[in-house]
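# Observations on the model geometry
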Amino acid sequence: MGVMKLEEFKNEVWFCGCCSMCRETVSKGIADKHAWVGVCPVYDVLRFDHYTSRGRNTIAKYLLEEVLEYNQALAEDVIFRCLGCKACEQICTPTLVPGLKPIENMKIIKAMREDCWNMGLVPQKLKEVCMNILDPEKNNPYGLDKELREEWAEDLNLPKQADTLYFAGCAAAYQNQNTPEAVIKILRKAGQEVAYLGNDELCCGHQLIWTGDIEGARKNAEELIKRIKETGAKKVIFSCAGCYNTFKNDYKDMGISVPFKVEHISKTFLPILKKLELKEQFKKKVTYHDPCHLGRHAGEYKGPRKIIRRIGAELVEMERSGKESWCCGAGSGGTCLINYPDLNQEIRSRRIKEAQATGANVLITACPMCLKNLRDAAHENKVEMDFYDLPNLVAEVLGLKSEQYDSWKG
Amino acid sequence: MTKSLSQSDLVAALEGIVGAKAVDDSDHARWTYALSEAWSTVSPGLTEELYLDLGPPDVIVKPKTTDHVVDIVKFANKYKIPIIPRGGGTGNASGSAALTSGGIMLDLLDMNAFIKYDPVSRACRFQAGITWGRLCYELKKFGLTPGFMGPHGIYGAAVGGGISIDSTGIQGTKYGQENENIQNLQVVLPTGEVIETGSLANTKTDWYFRYCNGPDLAGLFMGACGAFGIITEATLRTYPLPEYHSDFLYLFPSEMDQCKALTEMDSYELMSDYMGLAQGFQYAIIENVFNLEPGKTQKGPALIHTSAYDEVILERKNMMIEKIATKYKAIKFPGDPTNLGFGAHDTNEMLGGGVCKFFGGMLHKTCSVLPLMKCPEMNQWHYQFFKNPKILELLSTTELGNKCWSIQYPGGCKHGFVLHMSMFNMDATTRDLRTKAYKLWHEILKQKIELGTSPYWVGKDAFMPHLTKKFTPQYWNFLKTLKKTLDPNNIMNPGALGLGI
Ligand SMILES: Cc1cc2nc3c(=O)[nH]c(=O)nc-3n(C[C@H](O)[C@H](O)[C@H](O)COP(=O)(O)OP(=O)(O)OC[C@H]3O[C@@H](n4cnc5c(N)ncnc54)[C@H](O)[C@@H]3O)c2cc1C
Ligand code: SF4
Ligand code: SF4
């Protein structure tokens, strides 16, 4: 009873050999093909096996065997505490024989969350986020007025129809408005005009998916894709890592077809930067934080780094970067930030100290959620750094600094 | 489990020792720790055999210091509560799972401090819950390696777990298996006293050496699966990191030639590591590379890793290897064998669940130590065993034909000994199939014991029930007397080594 969705992943669950690599492997400087210094940020803080994929897969075995049952304590303590950072899946790709594939830990956790959703075991705060997203008067996770969404674009006169559409996403539109503005200014400087849905833009449903409301997510996605199709766009570009991955991978996993090309701005900007003259070189020592949903989930590591090098910055990597990067602690769609603020605070503190240890005085990332979370961590830990979302950085070197917002540095 | 103590009193007492954040007795936590490595189905609640009378621990505790462990052990003695020490929880014999119902599960992974490197004794001191990955990482800062680098592909296993299970593994060929590199142990005895072994038995000594000062007491706790006490700190020898490396793949005309050649190379200490293959999935890749007719050849491939501190020495070693290989009429793989996806020096290897997935079933491994020269004989038994139509029928549930089982010997030990590893895989998604697999697994373990193999997996299940039948009464009594003397209340991992049940 009650393990309907998990049942679909029964084989995956049983393939987990409980080898423990997804707990806290350290291999940096020891192996040449991977460079881990710890794997699961939640385990790193809480230190019990049940917070790891290995532990959760064990619990899944017992759920499938009806030795354990889903309950509120299990949901709150374990199932919703995972960040969805995918490090545990990344490390579970053995290099022994070509063709080996990892345990699909992300699908297992999503299946468990879907079961929890169907049984009414979702933490209240996350439920509220989902209700806000599906509320036609809001359509965003923060419960803010729908009409505020396009405020950032008020003076930009963006068309509703074009070959390419820019999807700003909720975090940028409501919380980090200088990012979408920067995107548009850069594209215009390069002679590219993009459409924007304005108040018709819906949340991509990232949080719905990660909270287990798959039916809600499906309806939302179908409506959103319909609206995008109506613009005639053949390509949609994203500045938010979470929205990009939702369109690129999550919809596909849900069997929803996406009838247009999707692209992250790190790819869009590179040819622009090659073509346009920089107003000034960014002669600073910087470090780059890989957003989990752009890196491990969507496989994009090189694009942002090429941009950073292109503008003349000196890039110093953190001890954990690329495939082995450390999550900022917000969790998929901010689920950890919302529901487990203490855990989030501890994880982000560890990450910001790692950034500080590089000696860089600028931190760049490519996700508004990571940006906000790390900036808050810097504040809490008295770390002196400037913060840039990728578009803001590019806008600055192209001399497109906004007048409207007082700080480009967030 | 704890008759004179309520669950809440038990938890409160433990919280009083280690703090509330380091104690968990939720149902989901207890069941998570009921299972160690799952490849062998030795898990309460998951196979029919074990289902009825077994269960999870009562509580999980994470000590940070030796003092914590002492206090927990003294408390457990007072109420006669079993303690199950656990490192990485990856041991295949369920030594670190609660196969008897209840008890205190001591998760030692927070005892993970690298204490110091001592250049005088060229050894390092650390808490026993440190993982291999972390230890190698810390030593790298000094340009050093522990030599033996842990079990294959398992960066999450703890050094203390390996000591307690006589671990074999990466670079054991060159440096010897883990316990050959141990200098000292700090142990909390089952009654709560702390002892230091070897050189540190003399309180005036501050350097690290295994022997002298009386009997080799460290040896008493090695391979003891926690039945005689909890290892809280340890000292390992260290070695400079070799700068030069190479890898080769040779294909020998027969398994016997393969084993003779490897033994000869080993006797001259030419190899750092190797992987001999007899049958199975890697074999299929090799057949492909050499254009061999699938399933028809009986040739023995061997991957060899060499290393040295000096380029010229490495060259000379490689020349000698080539000479021995030529003597045994081996063919050399023309390229870099690490590109085949598996190397003898497998610090890159990740032996995770992906292997099970590749096969489409749960792997059941039967690893033990054998002299290399005995491998062909052991392999022959396996070939016969897996030809049995009844066995084939069982395995065919995965529809993978002869990919369902494999035999390999990935180095692991020194002096002509090897970790002989055979494994089969079966669909594990129903209890019925798991129970069948469990029985089949035990059939192989039993036969391996009959053939004289030496298992290092001697927790509570796996080889142990078969092995104890082969002990002489004198040996068995000696073990039992030791256990009774050291652990009068029988609290220390009851069931491990077949003792104290
Ligand atoms: C994919 C895979 C590959 C493997 N390859 C190998 C291999 O090549 N060679 C090999 O030897 N093994 C191998 N193993 C088995 C296992 O990983 C090793 O034996 C490992 O050394 C066990 O360490 P652990 O920390 O996980 O021990 P655990 O499983 O936690 O414990 C093992 C035993 O020691 C006891 N124990 C643990 N810590 C202490 C302590 N501090 N004091 C006293 N008792 C203690 C436990 O109660 C238990 O009985 C493999 C396992 C897997 C899953
Ligand atoms: S997704 Fe991240 S937080 Fe969740 S279990 Fe895996 S590594 Fe841990
Ligand atoms: S999820 Fe993968 S890495 Fe983690 S324990 Fe299972 S098999 Fe190992």
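Residues numbered from 1 in each chain as written. Chains lettered and ligands numbered in written order. Predicted model: local features only at pLDDT ≥ 70, side-chain atom pairs only at ≥ 80, totals over all residues. Heavy atoms only, no water.

## Quick look at the overall build of chain B
Counting its regular elements, chain B contains 17 helices and 18 strands. When burial is assessed residue by residue, chain B has 66% of its 501 residues classed as buried. Here the analysis covers contacts within chain B between residues at least 6 apart in sequence; of these, 73% occur between residues at least 24 apart. About 18400 Å² of surface is accessible on chain B, with carbon and sulfur atoms providing 55% of the total. (Helix = DSSP H or I, 4+ residues; strand = E, 2+ residues; numbered from the N terminus. Buried < 20%, exposed > 50% of the residue type's maximum accessible area, 1.4 Å probe, protein only. Contact = heavy atoms within 4.5 Å. Areas by Shrake-Rupley, 256 points an atom, 1.4 Å probe, with all protein chains shown as cover.)

## Description of the overall build of chain A
For chain A, the helix and strand inventory stands at 20 helices and 7 strands. Against the globule reference of 22 Å for 410 residues, chain A gives a C-alpha radius of gyration of 21 Å, in line with a compact fold. Reported as C-alpha extents along the three principal axes, the dimensions of chain A are approximately 65 × 50 × 40 Å. Long-range contacts, defined here as pairs at least 24 residues apart, represent 77% of the contacts in chain A between residues at least 6 apart. By element, 47% of the accessible surface of chain A is carried by carbon and sulfur atoms, the whole surface being about 14600 Å². Side-chain charges of chain A comprise 58 positive and 57 negative groups, with the mean position of each set lying 6 Å from the other. (Rg over C-alpha atoms; globule rule 2.2 N^0.38 Å. Lys, Arg positive; Asp, Glu negative; His and termini not counted. Charge placed at Lys NZ, Arg CZ, Asp CG, Glu CD.)

## What about the domain arrangement of chain A?
Buried accessible area, meaning the area lost when the parts come together, often serves as the stated size of an interface. All names here are of chain A. Structurally, chain A comprises domain 1 (5-122), domain 2 (133-270) and domain 3 (278-397). Taking only C-alpha atoms into account, the centre of domain 2 sits 22 Å from that of domain 3. Counting residues at the interface gives 26 residues for domain 2 and 25 residues for domain 3. Connecting domain 2 to domain 3 are 0 salt bridges. Counting residues per element, the ones that place at least two in the side of domain 2 that touches domain 3 are α10 (170-175), α11 (178-189), α12 (206-211), α14 (241-253) and α15 (265-275). Top element by residues in the side of domain 2 that touches domain 3 is α14. It accounts for 6 residues. When grouped by side-chain class, the residues that make up the side of domain 2 that touches domain 3 number 12 nonpolar, 13 polar and 1 charged. (Domains from an automatic or database assignment. Salt bridge = Lys/Arg side-chain N within 4 Å of Asp/Glu carboxyl O. Nonpolar A, V, L, I, M, F, W, Y, C, P; charged D, E, K, R; others polar.)

## What to know about the packing of α15(A) against helix α16 (residues 302-310) of chain A
Residue and element names in this part refer to chain A. Here α15 crosses α16 at 30°, and the two axes come no closer than 8 Å. On the basis of their axis angle, the class for α15 and α16 is roughly parallel. The hand of the α15/α16 crossing is left-handed. Of α16, the residues touching α15 (which contributes I265, S266, F269, L270, L273 and K274) are G303, P304, K306, I307 and R310. A breakdown of the residues in the contact of α15 with α16 according to their chemical character gives 6 nonpolar, 2 polar and 3 charged. (Axes fitted to C-alpha atoms, helices over the stretch in contact; angles between N-to-C directions. Parallel < 35°, antiparallel > 145°, perpendicular 65-115°, else oblique. Left-handed = near helix turned anticlockwise from the far one by under 90°.)

## Side note on α11(A)
All names here are of chain A. With 12 residues, α11 extends 16 Å between its outermost C-alpha atoms, agreeing within 8% with the 16 Å of an ideal straight helix rising 1.5 Å per residue. Counting buried residues along α11, 9 of its 12 residues qualify, which places the element largely inside the surrounding structure. Those residues of α11 that fall on the buried side of the exposure criterion are N178, T179, P180, E181, A182, V183, I184, I186 and L187. On its buried face, α11 sits against β1 (164-167), α10, β2 (235-238), α15, β7 (386-389) and α20 (390-397). (Expected span 1.5 Å × (residues − 1).)

## Here's the deal with the site of ligand 2
Contacts to ligand 2 come from 13 residues, most closely from A:C40, A:C82, A:L83, A:C85 and A:C88. Of the residues belonging to the shell around ligand 2, the class tally is 9 nonpolar, 2 polar and 2 charged. (Near = heavy atom within 4 Å.)

## Here's the deal with the pattern of salt bridges
All names here are of chain A. Applying the stated criterion across every chain yields a total of 43 salt bridges over all chains. Taking the shortest distance from any N to any O, the salt bridge between R47 and E24 comes out at 3.1 Å. Taken together, the positions of R47 in the loop between α4 (41-46) and α5 (53-64) and E24 in helix α3 (residues 21-24) put the pair 23 residues apart, joining distant regions of the chain. In terms of burial, R47 and E24 fall into one category: buried.

## Here we look at a positive patch on the surface
Residues and elements named next belong to chain A. A contiguous patch of positive charge on the surface is contributed by K274, K302, K306, R310 and K323. The element that contributes the greatest number of residues to the positive patch is α16, accounting for 3 residues. Positionally, R310 belongs in helix α16. (Patch = residues over 30% accessible without salt bridge, like charges linked within 9 Å, V, L, I, M, F, W, Y side chains within 5 Å.)

## Focus on the packing of α15(A) against α20(A)
Residues and elements named next belong to chain A. Running from amino to carboxyl end, α15 crosses α20 at an angle of 15°, the nearest separation of the two axes being 11 Å. Classified by the interaxial angle, the pair formed by α15 and α20 is roughly parallel. Between α15 and α20 lies a crossing whose hand is left-handed. Here I265, S266, F269 and L273 of α15 lie close against α20, whose contacting residues are L390, P391 and V394. Here the residues of the contact of α15 with α20 are counted per class, giving 6 nonpolar, 1 polar and no charged.

## A look at a negative patch on the surface
Negative charge collects at one region of the surface, where A:E137, A:D145, A:E147, A:E150, A:E151, A:E154, A:D155, A:D200 and A:E230 lie side by side. With respect to the secondary-structure elements, A:D145 resides in the loop between α9 (124-134) and β1.

## So, the sheet that holds strand β4 (residues 285-289) of chain A
Residue and element names in this part refer to chain A. Read from one edge to the other, the open sheet built from 4 strands follows the order β5-β4-β6-β7, with strand pairing classed as parallel. The open sheet has two edge strands with one neighbour each: β5 (314-315) and β7. Where β4 meets strand β6 (residues 362-365), 4 bridges bridge the pair, whose relative direction is parallel. The residue bridging Y288 from the neighbouring strand is I364, located in β6. (Pairing = 2+ DSSP bridges.)

## Observations concerning the domain arrangement of chain B
Residue and element names in this part refer to chain B. The assigned domain composition of chain B is domain 1 (7-109 + 485-498), domain 2 (114-240) and domain 3 (244-426). Facing the 19 residues of domain 2 at the interface are 21 residues of domain 3. Taken together, the two surfaces of domain 2 and domain 3 that pack against each other cover about 1600 Å², and 51% of this comes from carbon and sulfur. Counting the surface domain 2 buries against domain 3, the share from its top three residues, H152, T173 and K174, is 42%. Joining domain 2 to domain 3, the criterion identifies 0 salt bridges. Scanning the region where domain 2 abuts domain 3 turns up 6 residue pairs in polar contact (both at pLDDT 80 or more). For the side of domain 2 that touches domain 3, the secondary-structure elements that each account for two or more residues are α7 (172-175) and β11 (239-240). Among the elements that line the side of domain 2 that touches domain 3, the one with the most residues is α7, at 4 residues. Broken down by class, the residue content of the side of domain 2 that touches domain 3 amounts to 8 nonpolar, 9 polar and 2 charged. (Buried area = accessible area lost by both parts, 1.4 Å probe. Polar contact = N/O pair within 3.5 Å; in protein donor to acceptor, adjacent residues only side chain to side chain.)

## Brief notes about helix α13 (residues 375-387) of chain B
Count 3.6 residues to each turn of an α-helix, and residues three or four apart come out pointing the same way. Given a rise of 1.5 Å per residue, 13 residues ought to cover 18 Å, and the 18 Å separating the end C-alpha atoms of α13(B) matches this to within 8%. Among all positions of α13(B), only B:C375, B:P376, B:M378, B:N379, B:W381, B:H382, B:Y383, B:F385 and B:F386 are buried.

## Here's the deal with the side chain of A:E89
Residue and element names in this part refer to chain A. For E89, the location among the structural elements is in helix α7 (residues 87-91). Of the side chains bearing the opposite charge, K86 lies closest to the buried E89, which forms no salt bridge; the N-O distance is 4.1 Å. One polar contact links the side chain of E89 to the main-chain amide nitrogen of M106, over a distance of 2.9 Å.

## Quick word on the sheet that holds strand β9 (residues 194-196) of chain B
Residue and element names in this part refer to chain B. Spatial ordering of the open sheet is given by β5-β6-β10-β8-β9, a layout of 5 strands whose pairing is antiparallel. If you trace the sheet from one side to the other, it starts and ends with β5 (114-118) and β9, each paired once. Within this sheet the neighbouring strands show an average axis-to-axis angle of 15°, counted without direction. With 5 bridges joining them, strand β6 (residues 123-127) and strand β10 (residues 230-237) adopt antiparallel strand pairing. Paired with A123 across the bridge in β10 is R237.

## Quick word on the nonpolar core
With 258 residues, the main nonpolar core has A:W152, B:L135, B:M265 and B:F424 as its most contacted residues. With 8 residues, the single largest contributor to this core is helix α15 (residues 431-450) of chain B. Judged by nonpolar contacts, the second largest core, of 26 residues, contains B:L10, B:V69, B:M111 and B:V188. (Core = buried A, V, L, I, M, F, W, Y, C linked by side-chain atoms within 4.5 Å.)

## Some remarks on the environment of A:N11
Secondary-structure assignment places A:N11 in helix α2 (residues 10-15). Taking C-alpha positions, A:N11 is 48 Å from A:E151, a pair spaced 140 residues apart along the chain.

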